[in-house]
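Understanding the architecture of this molecule
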Amino acid sequence: MRTTHALLLRIWHDPEFDIKKAAVEYLDRGAPDDRSTAEGTYIKLLDRDYFEVMTNTGTKPIPYHRIRKITYAGIPIWEPKEKQAEKQKT
C-alpha cells in the first residue's frame, strides 16, 4: 500500500480527523501548471489504486502516484521525498 493511500485512509476513517479539512494536490496534465487540488469534500472514494474526485462532469479517478502534496487544515503533511530534500537544502 502506498503511503499516500494509507494516509488518506487514516484521514477518512479515523474519528480524530475530518476529511473536509484535507486537500490533495495532484499531477493533472492540461491543467494550469499541470496541477490540480481536490478539497476533501470532493474526494468521494478511496480505492486500492486510485481515489475518485467529484468534478463538474462526474467523478474522475486519480492514481495515487500522481499525488504531489497532501495538506490537512492548511498544513502540508505529505510531499514526495525529493521535494522534502529540496526544502532541507534551502
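Summarised in this report is the structure supplied together with it. (Residues numbered from 1 in each chain as written. Predicted model: local features only at pLDDT ≥ 70, side-chain atom pairs only at ≥ 80, totals over all residues. Heavy atoms only, no water.)

Focus on the nonpolar core
Buried together is how nonpolar side chains tend to be arranged in soluble globular proteins. As a reminder, the rule being used: We define a nonpolar core as any set of buried Ala, Val, Leu, Ile, Met, Phe, Trp, Tyr and Cys residues linked to one another through side-chain atoms lying within 4.5 Å. Per-residue accessibility, obtained with a 1.4 Å probe over protein chains only, is compared with the maximum for each type, and a residue is labelled buried under 20%, exposed over 50%, and partly exposed between these values. In this description a helix means any DSSP run of H or I spanning at least four residues, a strand means any run of E spanning at least two, and both kinds are numbered starting from the N terminus. A contact between two residues is defined here by any heavy atoms of the two lying within 4.5 Å.
Counting residues in each nonpolar core, the largest one holds 13 residues, and the members touching the most others are Leu-8, Val-24, Phe-51 and Ile-67. For this core, the secondary structure elements donating two or more residues are strand 1 (22–27), strand 3 (43–46), strand 4 (50–55) and strand 6 (67–72). Residues in contact with Ile-67, not counting those within four places in the same chain, are Thr-4, Leu-8, Val-24, Glu-25, Tyr-26, Phe-51 and Trp-78.

Overview of helix 1 (residues 3–13)
Counted only if it meets this: Note that the arc is defined by the directions from the helix axis to the C-beta atoms.
Where helix 1 is concerned, the buried positions are Thr-4, His-5, Leu-8 and Ile-11. End-on view of helix 1: buried residues confined to an arc of 130 degrees, all on one side of the axis. With respect to the buried face of helix 1, the exposed residues turned more than 90 degrees away are Thr-3 and His-13. Lining the buried residues of helix 1 we find strand 1, strand 3, strand 6 and strand 7 (75–78).

Some thoughts on the pattern of salt bridges
Our working rule: We define a salt bridge as a contact between a side-chain nitrogen of Lys or Arg and a carboxyl oxygen of Asp or Glu at a distance within 4 Å.
Inspection of every chain in the model, using the stated rule, returns 4 salt bridges. In this structure, Arg-35 engages Glu-25 in a salt bridge whose closest nitrogen and oxygen atoms are separated by 3.3 Å. One end of the pair, Arg-35, is in strand 2 (residues 35–39); the other, Glu-25, is in strand 1, and 10 residues separate them in sequence. Close ionic contact of Arg-48 with Asp-49 constitutes a salt bridge, the shortest N to O distance being 3.3 Å. On the basis of relative accessibility, which here comes to 64%, the residue Arg-48 falls in the exposed class.

Details of the environment of Tyr-50
For Tyr-50, the position within the fold is in strand 4. With 16 residues separating them along the chain, Tyr-50 and Arg-66 place their C-alpha atoms 9.3 Å apart. Not counting the four nearest positions on each side in its chain, Tyr-50 is found in contact with Leu-45, Pro-61, Ile-62, Pro-63 and Tyr-64.

Quick word on the sheet that holds strand 1
Selection rule: Strand pairing follows a simple DSSP-based rule, namely that at least 2 bridges must link the two strands. Throughout, an axis means a line fitted to C-alpha atoms (over the contacting stretch in the case of helices), and angles, computed between N-to-C directions, take values from 0 to 180 degrees.
One open sheet holds the 4 strands; their spatial order is 2-1-6-7, and the pairing between them is antiparallel. Sheet topology places strand 2 and strand 7 at the edges, where each strand pairs with a single neighbour. Adjacent strand axes in the sheet meet at a mean angle of 30 degrees when their direction is disregarded. Sheet topology note: the strand 1/strand 6 ladder contains 5 bridges and is antiparallel. Bridging across to strand 6, Glu-25 finds its partner in Lys-69. Strand contacts of helix 1: strand 1, strand 6 and strand 7, with the helix running at about 25 degrees to strand 6, the strand carrying the most contacts.

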